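These are the residues of each chain, in order.
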Amino acid sequence: MTPRVAISQAPYDRDATEALARAVRQMHRARELGADLIVFPEWSLGLNPPEPMPSRAIRALADAARLLSLGVVTGTLRVLANPQAHTGLAALPATAEQVLVLIGPEGGLAAAEIHA
């Protein structure tokens, strides 16, 4: 069976609560339409203060993914264990890095560093 993929066009939003609520609503809608995986744009959860991974927002997406049996791909920020390893991207705080987060339909998490 070929998996069905939903692509979100969620705008960037500084309001973390609204960004997360919108993402979860879009996950429900994607599943209603038969999607097996939803892909969110970079920083769709907002450029919020970085947290250790998994962040509260990522845990909330993982809970929704498990409930819906839906895979999720998104980007977010995480706290750097070694701030000297900062990528130098001007938009990011010196103590954070951008990561790609993969959430399986069972709610399992994987994160990969994004190198600019």
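Just so it is clear, the model here is predicted, and its values are computed rather than measured. (Residues numbered from 1 in each chain as written. Predicted model: local features only at pLDDT ≥ 70, side-chain atom pairs only at ≥ 80, totals over all residues. Heavy atoms only, no water.)

Engineer: Looking at this structure, how should I read the overall build of the protein chain?
Structural biologist: Helices and strands together make up the secondary structure of the protein chain, namely two helices and five strands. Helices and strands appear in the protein chain in the N-to-C order β-α-β-α-β-β-β. Put simply, of all contacts in the protein chain between residues at least 6 apart along the chain, 66% involve residues at least 24 apart. (Helix = DSSP H or I, 4+ residues; strand = E, 2+ residues; numbered from the N terminus. Contact = heavy atoms within 4.5 Å.)

Engineer: How should I be thinking about the nonpolar core in this particular structure?
Structural biologist: What tends to happen in soluble globular proteins is that the nonpolar side chains get buried as a cluster. Counting residues in each nonpolar core, the largest one holds 19 residues, and the members touching the most others are Met27, Ile38, Leu61, Val72 and Ile103. Among the elements of the structure, α1 (16-32), α2 (56-68) and β4 (96-103) are those that each provide at least two residues to this core. Ranked by residue count, the leading element in this core is α2, at six residues. Apart from residues lying up to four places away in sequence, Met27 is in contact with Ile38, Phe40, Leu61, Ala64, Ala65, Leu68, Leu70 and Val72. (Core = buried A, V, L, I, M, F, W, Y, C linked by side-chain atoms within 4.5 Å. Buried < 20%, exposed > 50% of the residue type's maximum accessible area, 1.4 Å probe, protein only.)

Engineer: Explanation requested: the side chain of Arg22 in the structure shown.
Structural biologist: The residue Arg22 is located in helix α1 in this model. Beyond its immediate chain neighbours, meaning those up to four positions away, Arg22 contacts Ala10, Pro11, Asp13 and Ser44.

Engineer: Just checking my understanding: could you explain α1 for this structure?
Structural biologist: Every α-helix winds through 3.6 residues per turn, so residues three or four apart in the chain are directed the same way. Between the first and last C-alpha of α1 there are 24 Å, a value that for 17 residues agrees with the 24 Å anticipated at 1.5 Å per step. Every buried residue of α1 is accounted for by Ala19, Arg22, Ala23, Met27 and Ala30. Buried residues in α1, looked at end-on, bunch into an arc of 145 degrees, giving them a common side. The outward face of α1, more than 90 degrees from its buried face, is lined by the exposed residues Thr17 and Glu32. Backbone nitrogen of Thr17 and a side-chain oxygen of the N-cap are separated by 3.1 Å at the start of α1; the cap is Asp15. Gly34 sits one or two residues past α1 and shows a positive phi near 95 degrees. (Expected span 1.5 Å × (residues − 1). Arc of directions from axis to C-beta. Polar contact = N/O pair within 3.5 Å; in protein donor to acceptor, adjacent residues only side chain to side chain.)

What is shown is where atoms sit, not what they do.
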